[in-house]
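Notes for the structure review
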Amino acid sequence: YCAMSPETKDLPFEEKIKVKLKQGRALFGAELNVVDDAGRQLPRDGKSSGHLMIRGCAIAASYYKDVGGNILDENGWFDTSDVANIDRYGFMQITDRAKDVIKSGGEWISSIELENIAVGHEAVANAAVIGVAHPKWDERPLLIIQPAPGESPTKDEVLQQLDGKIAKWWTPDDVAFVDEIPLGATGK
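Residue numbers restart at each chain and count upward from 1, following the sequence in its written direction. In view of the model being predicted, local features appear only for residues whose pLDDT reaches at least 70, and side-chain atom pairs are presented and counted only at 80 or more, with totals across whole chains, interfaces and linings using the full set of residues. Working from all heavy atoms in the structure, the side-chain values ignore hydrogens and water.

What follows is about the overall build of the protein. Secondary structure follows DSSP: runs of H or I at least 4 residues long count as helices, runs of E at least 2 residues long count as strands, and numbering of each begins at the N terminus. The helix and strand tally for the protein stands at 3 helices and 9 strands. The order of helices and strands in the protein, counted from the N terminus, is α-β-β-β-β-β-β-α-β-β-α-β. Taking the principal axes of the C-alpha coordinates as reference, the protein spans close to 55 × 50 × 35 Å. Looking at the protein as a whole, 37% of its 188 residues are labelled buried. The contact criterion used throughout is that any non-hydrogen atoms of two residues lie within 4.5 Å. Long-range contacts, defined as pairs at least 24 residues apart, comprise 50% of the intrachain contacts of the protein with a sequence gap of at least 6. Using a 1.4 Å probe, accessible areas were evaluated by the Shrake-Rupley method; residue-level cover was limited to the displayed protein chains. Accessible surface, the protein: about 11,500 Å² in total, of which carbon and sulfur atoms supply 53%. A positive count includes Lys and Arg, and a negative count includes Asp and Glu. His and the chain ends are not counted in either. Taken as the charge centre is NZ of Lys, CZ of Arg, CG of Asp or CD of Glu, depending on the residue. Of the side-chain charges in the protein, 21 are positive and 30 negative, and the distance between the mean point of each set is 7 Å. Each residue is placed in one exposure class: buried if its accessible area under a 1.4 Å probe, protein chains only, is under 20% of its type's maximum, exposed if it is over 50%, and partly exposed if it falls in between.

Rendered as structure tokens:
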């Protein structure tokens, strides 16, 4: 839940808004944790993103009718498949889904964030980002662009849209242009 805590109630207005935009803190009886790929706890600095884990008395140990299929790790944590960070006050922010991130050189790149920035370009109707194999970095992002009707954006124009809005190493190695990006019922 995202009610202000005693530590945050006296923050300046702008800082309060940043806290209120997060998903919130764990409810009574539950714990939240963010860990790296090796299961090590990440700092609660509001920046370090990793696997969001939860445990508590109301967290299921298995899926419905899944006989013997324990879904908790050896310490009782459930991996939510979300990528998140937790700040120093215990407020958690989901930054992505584990299936929607690209792991490049051991670092996370948010496909959703790249897509959202790319569609901000007036000549782009839709965008998708996928991870492609890379010999050194394991994966690198490929930006796929569906141009807006009557538009013909270039690779350089699309990449310029990202400049200054993302970490330099997030920049896709290439841009592919397609006539259509099919969407499912949920808009994905």
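On to a nonpolar patch on the surface. A contiguous nonpolar patch, built from Phe13, Ile17 and Leu21 and spanning about 330 Å² of accessible area, is present on the exposed surface. Along the chain, leucine 21 turns up in the loop between helix H1 (13-20) and strand E1 (30-35). Exposure above 30% relative accessible area and the absence of a salt bridge qualify a residue for a patch, where like charges join within 9 Å and nonpolar side chains (Val, Leu, Ile, Met, Phe, Trp, Tyr) within 5 Å. We define a salt bridge as a contact between a side-chain nitrogen of Lys or Arg and a carboxyl oxygen of Asp or Glu at a distance within 4 Å.

What follows covers the nonpolar core. Leu114, Ala127, Leu143, Ile145, Leu162 and Ile166 are the most contacted members of the largest nonpolar core, which totals 16 residues. Of all the secondary structure elements, the ones that give two or more residues to this core are helix H2 (111-118), strand E7 (124-134), strand E8 (138-147) and helix H3 (155-162). The residues contacting isoleucine 145, other than those within four sequence positions of it, are Ala118, Val124, Asn126, Ala127, Pro153, Val158, Val175, Ala176, Phe177, Val178 and Ile181. Throughout this description, the term nonpolar core refers to a set of buried Ala, Val, Leu, Ile, Met, Phe, Trp, Tyr and Cys residues connected via side-chain atoms within 4.5 Å. If you look at the next biggest cluster of nonpolar residues, it comprises 9 residues, including Val34, Leu42, Ile54 and Ile86.

Attention shifts here to the side chain of asparagine 85. With respect to the helices and strands, asparagine 85 occurs in strand E3 (residues 78-86). Classification of asparagine 85 by relative accessible area gives buried; the value is 3%. Under the rule applied, a polar contact is a pair of N or O atoms within 3.5 Å (in protein, one hydrogen donor and one hydrogen acceptor; residues adjacent in sequence only if both atoms are side-chain atoms). Looking at asparagine 85, its side chain comes within polar contact range of the main-chain oxygen of glycine 46, at 3.4 Å.

Take the pattern of salt bridges next. Inspection of every chain in the model, using the stated rule, returns 9 salt bridges. The salt bridge partner of aspartate 10 is lysine 9, with a shortest N-O separation of 3.5 Å. A salt bridge links aspartate 174 to lysine 155; its shortest N-O distance comes to 3.4 Å. A residue pair is termed long-range when its members are at least 10 positions apart, and aspartate 174 in strand E9 (residues 174-177) and lysine 155 in helix H3 qualify at 19 residues.

It is worth spelling out the sheet that holds E9 at this point. With mixed pairing, 3 strands are arranged side by side in an open sheet as E7-E8-E9. Of all the strands in the sheet, the pair left with one neighbour each is E7 and E9. Pairwise comparison of adjacent strand axes, ignoring direction, gives a mean angle of 30 degrees for this sheet. Note that E7 and E8 share 10 bridges and pair antiparallel. Any two strands are treated as partners once DSSP identifies two or more bridges connecting them. Fitting a line to C-alpha atoms yields each axis, with helices limited to the stretch in contact; the angle taken between N-to-C directions then spans 0 to 180 degrees.

Our focus in this paragraph is a negative patch on the surface. Where like charges cluster on the molecular surface, the negative patch consists of Glu122, Glu151, Asp156 and Glu157. Within the element layout of this structure, glutamate 122 appears in the loop between H2 and E7. When its relative accessible area of 74% is taken as the criterion, glutamate 122 is described as exposed.

Another point: the environment of alanine 26. Mapping alanine 26 onto the fold places it in the loop between H1 and E1. Judged by relative accessible area, alanine 26 falls into the partly exposed class, the value being 27%. Residues alanine 26 and cysteine 2, spaced 24 residues apart in sequence, show a C-alpha to C-alpha distance of 8.9 Å. Sequence-distant contacts of alanine 26, that is, excluding residues within four places in its chain, are made with Tyr1, Glu31 and Leu32.

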